[in-house]
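# Coordinates in review
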Amino acid sequence: MTKTTLICGSLAFDKIMQYNGRFGETLLADQLHKVNVSFLVPTLRTEYGGCSANIAYNLKMLGGEPLIMAAIGQDGGEYLERFEKLGIETRAIRKIAHSYTAQCFVTADLDNNQINAFHPGAMEFAHENNVGDQGELRVAIIAPDGRGGMLKHARDCAELKVPFMFDPGQQLPMFSGDELIEFINQATYVAANDYEFEMLMDRTGLTLPDIAGRLEALIVTRGEKGSEIYTGGKRHEIPCVQAAAVVDPTGCGDAYRAGLLFGITNDLDWPATGRLASLMGAIKIAHQGGQNHVVTAAQIADKFEAEFGYRY
């Protein structure tokens, strides 16, 4: 059986700027109705980002077979070259010649407050990709992407009987309660952090048992409190792995999801799958950006054994 994992989600560049002051000293509470401010940002760095790329990056390190299905803009050539160097398949990435790649512009102050602007760009054309064009698949994930793309790719997977994980992330507010219920009914797995899951229950009117009962597995992450996996009427509590350092949480959820997908494609049990996912999040958080940590599959297996006392 193929182990190819289809990863549907965004591709993006993150432009990260540091302001060596405090927004609160410039933004006047009684003048916010006519804001006209400029922040001098001495440092600027570009990070490779986007949920699909972050997940694929981690899954490839684990020894998985990721296939990214996403849309990239006219400025995405260097990103495609990066994937090729990493050995990540690019045949399912559609280039949108009249658009830019999705980009997030982040300005942070000394207190780590952030002012962000997000340009979706090519991501808005994700619906032009078809799951049926990608050959035999073991599993898929519908990660945050263009609204139309997420709806279409979930329908595609359901029609083709490709098991998939629904990971709404920051795009959850784009969908109505009925649309979210449809996602849940079509999905095999749902993964969300605790805040997103509370919103999911609020939007749909469904309880945790209601949602878990419709799925093969429901995964809820709770940051430093670890995570929970509900499957087959059981609840597996997954411990948080202590990170070597807490540097940057960007992409930690994507690293966690790569661990889940690797466990699914390699038929690991859910406790081992969750623990591997937790370990991947801990490895990522010790590095800046979503794709700057480098570790081999063998090193991950050794870290897992050292942490949990057995090999997966």
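Just so it is clear, the model here is predicted, and its values are computed rather than measured.

Take the packing of helix 1 (residues 51–62) against helix 2 (residues 77–86) next. Orientation of helix 1 relative to helix 2, taken along the N-to-C sense of each, is 15°, at an axis distance of 11 Å. Between helix 1 and helix 2, the angle falls in the class roughly parallel. The way helix 1 lies across helix 2 gives a crossing that is left-handed. Across from Ala 53, Tyr 57 and Lys 60 in helix 1, the residues of helix 2 making contact are Tyr 79, Arg 82, Phe 83 and Leu 86.

With that settled, consider the pattern of salt bridges. A pair can form between side chains of opposite charge whenever their charged atoms are brought close. Evaluation of the coordinates by the stated rule reveals 11 salt bridges. Here Lys 152 makes a salt bridge to Asp 156, at a shortest N to O gap of 2.8 Å. Of the two residues, Lys 152 and Asp 156 are both situated in helix 3 (residues 147–160); the distance of four residues between them amounts to about one turn of the helix. Across the pair, Asp 156 and Lys 152 agree in class, each one buried. In this structure, Arg 311 and Glu 305 form a salt bridge, with 2.7 Å as the shortest nitrogen-oxygen distance. On the basis of relative accessibility, which here comes to 44%, the residue Arg 311 falls in the partly exposed class.

We now examine the packing of aromatic side chains. Applying the stated criterion across every chain, the model contains 14 aromatic pairs. Plain terms: the ring middles of Tyr 19 and Phe 23 are 5.8 Å apart, the flat faces sit at 5° to each other, and that makes the pair stacked. Of the two residues, Tyr 19 and Phe 23, both sit in the buried class. Feature note: the residues Phe 262, Phe 304, Phe 308, Tyr 310 and Tyr 312 constitute an aromatic cluster, connected by ring pairs. One Lys or Arg, Lys 15, reaches over the ring of Phe 13 and ends 5.9 Å from the middle of that ring.

Each value, and the rule that gives it
Residues numbered from 1 in each chain as written. Predicted model: local features only at pLDDT ≥ 70, side-chain atom pairs only at ≥ 80, totals over all residues. Heavy atoms only, no water. Axes fitted to C-alpha atoms, helices over the stretch in contact; angles between N-to-C directions. Helix = DSSP H or I, 4+ residues; strand = E, 2+ residues; numbered from the N terminus. Parallel < 35°, antiparallel > 145°, perpendicular 65-115°, else oblique. Left-handed = near helix turned anticlockwise from the far one by under 90°. Contact = heavy atoms within 4.5 Å. Salt bridge = Lys/Arg side-chain N within 4 Å of Asp/Glu carboxyl O. Buried < 20%, exposed > 50% of the residue type's maximum accessible area, 1.4 Å probe, protein only. Phe/Tyr/Trp six-rings, centres within 6.5 Å; stacked < 30°, edge-to-face > 60°. Lys NZ or Arg CZ within 6 Å of the ring centre and 35° of its normal.

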